[in-house]
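As a plain string of letters, each chain reads:
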Amino acid sequence: MNKVILIGRLTRDPECRYSQGTNQITVARFSLAVDRKFKREGEPDADYFNCSAFGKQADFVEKYLKKGIKMVVTGRIQNDNYTNNNGEKVYSVRIMVEELEFAESKNVTGGGESHHSQDNEYQQTSRPTPSTADGFMNIPDGIDEELPFN
């Protein structure tokens, strides 16, 4: 099984390109910085992963993602090895995006809606604004029968 789940921030704005031909497809590439759980002096605090998304997910990336946004990316790892101009073999990996979603609400970054892209479909959900300082929303009286639990 080849499955990876990453939570991190985009290190730069995504780069989007379009394929040639009759069935034009969007290809989005971006880099994700993932903080290390354990940090040692003299070592990096984060790991950086190159990611690629295609089709409707790439359209989602192009429309909603920008540098600094915190994302959850699910995908698979693929070798991205090549030979450089000096004839040396360079070994690297790329994350092929299967699912992605925002890791924090836009309320944290200054907006009001949260967007989610999974299985090449767009989904959009509005989240209510918390009405108390502790982040919880008060449930109005008289709607107990509408709640999915008692």
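Within every chain, residues take consecutive numbers counted from 1 along the sequence as written. Totals for whole chains, interfaces and linings use all residues, but because this is a predicted model, local features are given only for residues with pLDDT of at least 70 and pairs of side-chain atoms are given and counted only at 80 or more. In computing side-chain properties, one takes all heavy atoms of the structure into account and sets aside hydrogens as well as water.

Details of the overall build of the protein chain
In step 1: What the protein chain contains, in helices and strands, is two helices and ten strands.
In step 2: In this description a helix means any DSSP run of H or I spanning at least four residues, a strand means any run of E spanning at least two, and both kinds are numbered starting from the N terminus. When the helices and strands of the protein chain are placed in sequence order, the string is β-β-β-β-α-β-β-β-β-α-β-β.
In step 3: When burial is assessed residue by residue, the protein chain has 26% of its 150 residues classed as buried.
In step 4: In this analysis, two residues are considered to be in contact whenever any of their non-hydrogen atoms come within 4.5 Å of each other. Residue pairs at least 24 apart in sequence account for 53% of intrachain contacts in the protein chain once pairs closer than 6 positions are excluded. Relative accessibility decides the category of a residue: with a 1.4 Å probe and only protein chains considered, values under 20% of the type maximum give buried, values over 50% give exposed, and everything between is partly exposed.

Focus on the environment of asparagine 81
In step 1: Turning to its location among the elements, asparagine 81 is positioned in the loop between strand S5 (70–79) and strand S6 (82–83).
In step 2: Residue class for asparagine 81 comes out partly exposed when judged on its relative accessible area of 31%.
In step 3: Separated by twelve residues in the primary sequence, asparagine 81 and valine 93 have C-alpha atoms spaced 7.2 Å apart.
In step 4: The residues touching asparagine 81, leaving out its near neighbours within four places in the chain, are Lys89, Val90, Tyr91 and Ser92.
In step 5: In terms of polar contacts, asparagine 81 uses its side chain to reach the backbone amide nitrogen of serine 92, at 3.1 Å. As used in this structure description, the phrase polar contact means that two N or O atoms lie within 3.5 Å; if the pair is within protein, one of them must be able to donate a hydrogen and the other to accept it, and residues adjacent in sequence are counted only when both atoms belong to side chains.

Digging into the pattern of salt bridges
In step 1: Take a side-chain nitrogen of Lys or Arg and a carboxyl oxygen of Asp or Glu: if they are within 4 Å of each other, that pair is a salt bridge. The final tally for this structure, using the stated rule, is six salt bridges.
In step 2: The partner of glutamate 98 in a salt bridge is lysine 3, and the shortest N-O contact between them spans 3.8 Å. Highlighted residues: glutamate 98 in strand S8 (residues 93–102) and lysine 3 in the segment before strand S1 (4–10), separated in sequence by 95 residues.
In step 3: Residue glutamate 98 is classed as partly exposed on the basis of its relative accessible area of 31%.
In step 4: Under the relative-accessibility criterion, lysine 3 is labelled partly exposed at 47%.
In step 5: For glutamate 15, the salt bridge goes to arginine 17, with nearest N and O atoms at 3.1 Å.

Some words on the side chain of threonine 74
In step 1: Position of threonine 74 relative to the elements: it lies in strand S5.
In step 2: Using a relative accessible area of 9% as the deciding quantity, one classes threonine 74 as buried.
In step 3: Those residues in contact with threonine 74 that sit more than four places away from it in its chain are Lys3, Val4, Ile5, Met96, Val97, Glu98 and Glu99.

Some remarks on the nonpolar core
In step 1: Among the nonpolar cores identified, the biggest contains 20 residues, and Phe30, Leu32, Met71, Val73 and Leu100 are the most heavily contacted of them.
In step 2: Among the elements of the structure, S1, strand S3 (26–35), strand S4 (46–54), helix H1 (55–64), S5 and S8 are those that each provide at least two residues to this core.
In step 3: Discounting residues that sit within four places of it in the chain, valine 73 has contacts with Val4, Ile5, Leu6, Phe30, Leu32, Ile95, Val97, Glu99 and Leu100. What makes a nonpolar core is a set of buried Ala, Val, Leu, Ile, Met, Phe, Trp, Tyr and Cys residues whose side-chain atoms join them at distances within 4.5 Å.

A look at the environment of leucine 65
In step 1: Mapping leucine 65 onto the fold places it in the loop between H1 and S5.
In step 2: Along the backbone, leucine 65 and arginine 12 are 53 residues apart, and their C-alpha atoms lie at a distance of 9.6 Å.
In step 3: For leucine 65, the contacting residues outside a window of four places in its chain are Leu10, Pro14, Phe60, Met71 and Phe102.

Observations concerning the packing of aromatic side chains
In step 1: By convention, a stacked pair of Phe, Tyr or Trp rings (six-membered ring in the case of Trp) has centres within 6.5 Å and planes under 30 degrees apart, an edge-to-face pair has planes over 60 apart, and any other such pair is tilted. A complete count under the given rule lists two aromatic pairs for this structure.
In step 2: For the ring pair phenylalanine 60 and tyrosine 64, a centre distance of 5.1 Å and an interplane angle of 50° mean the geometry is tilted. Of the two residues, phenylalanine 60 and tyrosine 64 are both situated in helix H1; the distance of four residues between them amounts to about one turn of the helix.
In step 3: Relative to phenylalanine 102, the ring of phenylalanine 60 lies with its centre 6.0 Å away and its plane at 55°, an arrangement referred to as tilted. Pair noted here: phenylalanine 60 is in helix H1 and phenylalanine 102 is in strand S8, with a separation of 42 residues, a long-range link. Summarising the burial analysis for this pair, phenylalanine 60 and phenylalanine 102 share the class buried.
In step 4: By way of ring pairs, the aromatic residues Phe60, Tyr64 and Phe102 are connected into one cluster.

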